[in-house]
Amino acid sequence: MASKVYSNAEAALEGVLFDGMTVMSGGFGLCGIPENLIAAVHKAGVSGLTVISNNCGVDGFGLGILLDAKQIKKMISSYVGENKEFERQYLEGELELEFNPQGTLAERIRAGGAGIPGFYTKTGVGTLIAEGKEHKDFDGQTYIMETGLVADVSIVKAWKADTEGNLVFRKTARNFNPMMATAGKVTVVEVEELVEPGEIDPDHIHTPGIFVQRIVKGTFEKRIEQRTVRSREDV
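Note that this is a predicted model, so its numbers are computed, not measured.

Caption draft 1: How the structure looks around the pattern of salt bridges. A full pass over the atoms with the stated rule returns 13 salt bridges. Put simply, K74 and E98 hold a salt bridge, and the shortest N to O gap is 3.2 Å. In this pair, K74 is assigned in strand β4 (residues 72–77) and E98 in strand β5 (residues 96–99), connecting sequence segments 24 residues apart. Classification of E98 by relative accessible area gives partly exposed; the value is 26%. The salt bridge involving E146 is made with K133; its shortest N-O contact spans 2.8 Å. Taken together, the positions of E146 in strand β8 (residues 141–147) and K133 in the loop between β6 (118–121) and β7 (135–138) put the pair 13 residues apart, joining distant regions of the chain. Note on E146: relative accessible area 3%, which makes it buried. One salt-bridge network, in which partners are shared between bridges, spans K70, E85, R88, E92 and E94.

Right, here's the structure in full:
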């Protein structure tokens, strides 16, 4: 069986990137983002991308570097966040944006990974979110139908993996990463620690290796999106 482990992020993405593709990118703010794989997508120069991610990084870092380079055509997100370029491109009509309530976005990704084409939710009923969507009543309550999401490639950040692709996520960096790992036609994962099969307790595995095609061990800057501390006189 061919190894799932690649020497670097560029090699791990070789042959799977193309213009106009859909990419899922894990993380929440800057927590648990696949820094190395995002940089490799930028370096590859692919354009017209639809990116599914909770937000779009910050100016000049994370997915923000793809925005700056005008590689993203459309975002499917729940939060614009601290990214001024995201806001500017959207308001000036340079970037398409499909806004989702955060829980709906998470469930759309989970559904896509589970092979569920659509589901009903009360979230968004009576708002702009519901416009153009199918409505259905259950037990006297109105729901709207949302569709599952699947990507051509999911890029994911995990804390630890074995060489078979079994993944462990650490604390809040778990966020969207496990769902996205299941919802990519190809899933590429970057990790902090890489071990041999059997070195991870099976009870500690969050995502089984069956969902993972490619793995790369990376180094990480781990920026904090917005650092908030008390002034010294308040300590």
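From this point on, the discussion continues.
Caption draft 2: Geometry of the side chain of N166. Among the secondary structure elements, N166 is positioned in the loop between β9 (151–162) and β10 (167–168). Given the relative accessible area of 17%, N166 is considered buried. A polar contact is formed between the side chain of N166 and the side chain of D162, at a distance of 2.9 Å. Reaching out from N166, the side chain makes a polar contact with the backbone nitrogen of G209 at a distance of 2.8 Å. Those residues in contact with N166 that lie beyond four places of it in its chain are K160, A161, I200, I205, T207, P208 and G209.

Caption draft 3: Highlighting the nonpolar core. Among the nonpolar cores identified, the biggest contains 28 residues, and L13, I72, M75 and V153 are the most heavily contacted of them. Only α1 (9–13), α2 (35–44), β3 (49–52), α3 (64–68), β4, β9 and β11 (184–195) provide two or more residues apiece to this core. Tallying contributions element by element places α2 first for this core, with four residues. Beyond its immediate stretch of four places on either side in the chain, L13 contacts L37, A40, V41, V153, I155, V188 and R214.

Caption draft 4: Broad picture of the state of the cysteines. All chains considered together, the criterion is met by zero disulfides. Free cysteine: C31, not disulfide-bonded; nearest cysteine sulfur from C56 at 17 Å. By relative accessible area, which is 28% here, C31 ends up partly exposed.

Caption draft 5: Quick look at the packing of aromatic side chains. Tallying each qualifying case throughout the model produces two aromatic pairs. Where F138 meets Y143, the ring centres are 5.4 Å apart and the plane angle is 85 degrees; that geometry is what we call edge-to-face. Relative accessible area serves as the criterion here: at 34%, F138 is assigned to the partly exposed category. Three or more aromatic residues link up through ring pairs in this structure, and these residues are Y120, F138 and Y143. The ring of F220 has K157 sitting right over it, with the charged end atom 4.6 Å from the ring centre.

What counts as what
- Residues numbered from 1 in each chain as written.
- Predicted model: local features only at pLDDT ≥ 70, side-chain atom pairs only at ≥ 80, totals over all residues.
- Heavy atoms only, no water.
- Salt bridge = Lys/Arg side-chain N within 4 Å of Asp/Glu carboxyl O.
- Helix = DSSP H or I, 4+ residues; strand = E, 2+ residues; numbered from the N terminus.
- Buried < 20%, exposed > 50% of the residue type's maximum accessible area, 1.4 Å probe, protein only.
- Polar contact = N/O pair within 3.5 Å; in protein donor to acceptor, adjacent residues only side chain to side chain.
- Contact = heavy atoms within 4.5 Å.
- Core = buried A, V, L, I, M, F, W, Y, C linked by side-chain atoms within 4.5 Å.
- Disulfide = S-S within 2.5 Å.
- Phe/Tyr/Trp six-rings, centres within 6.5 Å; stacked < 30°, edge-to-face > 60°.
- Lys NZ or Arg CZ within 6 Å of the ring centre and 35° of its normal.

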